[in-house]
Amino acid sequence: MYKSLIDKLEREEILSKEEYLTLIKNRDKCFDYLSERARAVREKHYGKSVFIRGLIEFSNYCKNDCYYCGIRRSNKNAQRYRLTPEEIFECACQGYSLGFRTFVLQGGEDAYFTDDIFCSIIKKIKSQYPDCAVTLSLGERSFESLKKLKEAGADRYLLRHETCNKEHYKKLHPSQMSFEKRQECIRNLKALGYQVGVGFMVGSPYQSEENLAQEMLYLKSINPQMVGIGPFLSHRDTPFCDFENGDAQLTLFMLSLIRLTLPRVLLPSTTALGTADSLGREKGFLAGANVTMPNLSPKSVRKKYMLYDNKICTGDEAAQCIECLKARVKSTGYEIVTDRGDYRYEI
């Protein structure tokens, strides 16, 4: 029965919530076959290539107070920092010389960074490196703001929805944050023509297997170009500090399920997965992932962008990190390539 459901997915047929739930509940029995088919589908569309994104974590100031996040506004123990526009550009320059052709500007929702500042940074990067893509991960912004950033040259936008279930969302966020606003922002991004990335935590507090099945229907309905998932990892200075971490094996299962549900999606093997399991990123590629996001931020600030405890790769220089990562990827039979790594639309 499990094999027939997986084969149905591979034929790009739609599963019901109950069918997804059946697979999730019986994941131990079908894990090997699911990951095998996920690898086949990712290789059909992307071959053996793994795309790298240069992650520039430009600020850990944030106006929000999400219960799971180490840089939440209420965390008085966080060592706050923000990079200057010049420092951000220098990170991109270093990344280009190392073979990166996509830069991801990621930070907390920091009011210091206005539209004008971001537009200036984007234009400078795109002018210097016209063969590169710029991805933004700046949280929720107005339609007008997102439009300005797109017109300045931004190509992609990552905005994790965290959960598609409104009641679950309310358990993860304070009342000032709105489920509807998050969904509206995702719709605006699609309307503006961004390549859009969404995502959720696996094993987040109060998440059920039914929630995970709902996530698959949600992803199928909005058809994003990127999906970022990773296990929930607790941070000692948050309200969720005592919750159990998410399971790496379940995360790998969900990666494969997403690959078969969205065959052409850009799917990262995340730092969180590598933190939860020392071989997590390698296992992620074998589960259908085809993207990795090494850190290009200055070494002096990496330990300050601590969304969760024990985050890996906070001490290596960027060049050292990428060489290590190339060897790790090669051990799985895949290869890091110098490429923008755009989403491959169906022809």
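As a reminder, the structure under discussion sits directly above these lines.
Residues numbered from 1 in each chain as written. Predicted model: local features only at pLDDT ≥ 70, side-chain atom pairs only at ≥ 80, totals over all residues. Heavy atoms only, no water.

Draft legend 1. Seen up close, the nonpolar core. Residues M254, L257 and I258 are the most contacted members of the largest nonpolar core, which totals 96 residues. Top contributing element to this core by residue count: helix α10 (residues 248-261), with nine residues. Ignoring anything within four residues of it in the chain, the contact list for M254 reads I24, F200, V202, L212, M216 and I229. Formed by 10 residues, the second largest nonpolar core is a distinct cluster that contains F51, L158, L266 and Y343. (Core = buried A, V, L, I, M, F, W, Y, C linked by side-chain atoms within 4.5 Å. Buried < 20%, exposed > 50% of the residue type's maximum accessible area, 1.4 Å probe, protein only. Helix = DSSP H or I, 4+ residues; strand = E, 2+ residues; numbered from the N terminus. Contact = heavy atoms within 4.5 Å.)

Draft legend 2. Here's a closer look at the pairing of strand β6 (residues 195-202). The element β6 is largely enclosed, with a buried count of eight among its eight residues. By the bridge criterion, three bridges tie strand β5 (residues 156-158) to β6 in an arrangement that is parallel. Residue L158 lies in a different strand from β6, and its bridge partner there is G197. Relative to strand β7 (residues 226-231), β6 is paired through six bridges, and the arrangement is parallel. Following the sheet pairing, V198 is matched in β7 by V227. A crossover links β6 with its parallel partner β7, the connecting element being helix α9 (residues 209-222), and its sense is right-handed. (Pairing = 2+ DSSP bridges. Right-handed = clockwise from strand over helix to strand, strands pointing away.)

Draft legend 3. Representation of unusual backbone geometry within the structure. Positive phi, normally seen in glycine, also occurs at E162, with a value near 70°. Structurally, E162 is set in the loop between β5 and α7 (166-172). Its identity as a non-glycine residue notwithstanding, Y206 has a phi of 70°, on the positive side. As for its position among the elements, Y206 is in the loop between β6 and α9.

Draft legend 4. Local environment of the side chain of R53. Tracing the backbone through its elements, the reader meets R53 in the loop between β1 (49-52) and β2 (54-59). It turns out R53 is buried and unbridged, and the closest side chain with the opposite charge, D339, is 6.5 Å from it. Looking at R53, its side chain comes within polar contact range of the main-chain oxygen of R340, at 2.6 Å. Discounting chain neighbours no more than four positions away, the residues touching R53 are F100, T102, V104, R156, L266, V291, T292, M293, P294, R340 and G341. (Lys, Arg positive; Asp, Glu negative; His and termini not counted. Salt bridge = Lys/Arg side-chain N within 4 Å of Asp/Glu carboxyl O. Polar contact = N/O pair within 3.5 Å; in protein donor to acceptor, adjacent residues only side chain to side chain.)

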